[in-house]
Amino acid sequence: MSLPLLTGRITLSEALDEEDNVLEKLSYPEKRLDFCSYLHTHTDEIKAIVSHHLGVPKDACQVPWVDEWLHGSFNICIPIYINAAKRVMIRFPLPYKIGESTHPGNAEEKLRCEVATYAWMRSHGHSVPIPRLWGFGLPSGLSVRNTPVPPRRDDLC
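Residues numbered from 1 in each chain as written. Predicted model: local features only at pLDDT ≥ 70, side-chain atom pairs only at ≥ 80, totals over all residues. Heavy atoms only, no water.

### Side note on the layout of surface pockets
Part 1 of the reasoning: Empty space within the largest pocket amounts to approximately 1100 Å³.
Part 2 of the reasoning: Along the wall of the largest pocket there are 37 residues; nearest its centre are Ile90, Arg91, Phe92, Phe136 and Gly137.
Part 3 of the reasoning: Elements with a minimum of two residues in the lining of the largest pocket: helix H2 (22-41), helix H3 (43-54), strand S6 (86-93), helix H4 (106-123) and strand S7 (135-137).
Part 4 of the reasoning: A breakdown of the residues in the lining of the largest pocket according to their chemical character gives 25 nonpolar, six polar and six charged.
Part 5 of the reasoning: In this model, the second largest pocket occupies a volume close to 230 Å³.
Part 6 of the reasoning: Lining the second largest pocket are 14 residues, with Leu5, Leu6, Thr7, Tyr28 and Lys97 sitting closest to its centre.
Part 7 of the reasoning: The element contributing the most residues to the lining of the second largest pocket is H2, with three residues. (1 Å grid on protein atoms, 1.4 Å probe; cavity = no way out; pocket = protein on both sides within 12 Å on 5 of 7 lines; lining within 4 Å. Points joined across faces, edges and corners; volume = space filled by probe spheres on them. Helix = DSSP H or I, 4+ residues; strand = E, 2+ residues; numbered from the N terminus. Nonpolar A, V, L, I, M, F, W, Y, C, P; charged D, E, K, R; others polar.)

Right, dumping it as structure tokens:
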């Protein structure tokens, strides 16, 4: 008998050999489904966010079915079609993978670090190809449009 994980299945003997918390990993498939369901029920808000950051009408933005969404280890990326052609991505950290429930603020810290990395790489002219950052939003409500530079918080420095 085996149980589902995000990347396959695991048996009891395999779980006993693992060094990681397998019980936590076993909760991820259901948590991912719950988070995808949550995002799917908020597609109007997602379209409004993309519309705001790109400066296009909300009706120009289409959110595809969940089967087109991309899942990474710590993020979910939702492709957004603009006028059924141009595609951009909106990325959300997976709260269950970054410990947001046990350490509130982890999501915001992750986003701030990633935005700062984008800004640093762009400003230093590195040849590493990175996607264009159109804007970002934080759980605290801060949202910046068309700029890769995050505001500085003195309490984080």
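Now that the structure has been shown, we can carry on.
### Overview of the packing of H2 against H3
Part 1 of the reasoning: Here H2 crosses H3 at 65°, and the two axes come no closer than 5 Å. The angle between H2 and H3 places the two elements in the roughly perpendicular class. Contact with H2, carried on its side by Leu39, His40 and Thr41, involves Thr43, Glu45 and Ile46 of H3 and no other residues of that element.
Part 2 of the reasoning: Here the contact of H2 with H3 is built from residues that sort into two nonpolar, three polar and one charged. (Axes fitted to C-alpha atoms, helices over the stretch in contact; angles between N-to-C directions. Parallel < 35°, antiparallel > 145°, perpendicular 65-115°, else oblique. Contact = heavy atoms within 4.5 Å.)

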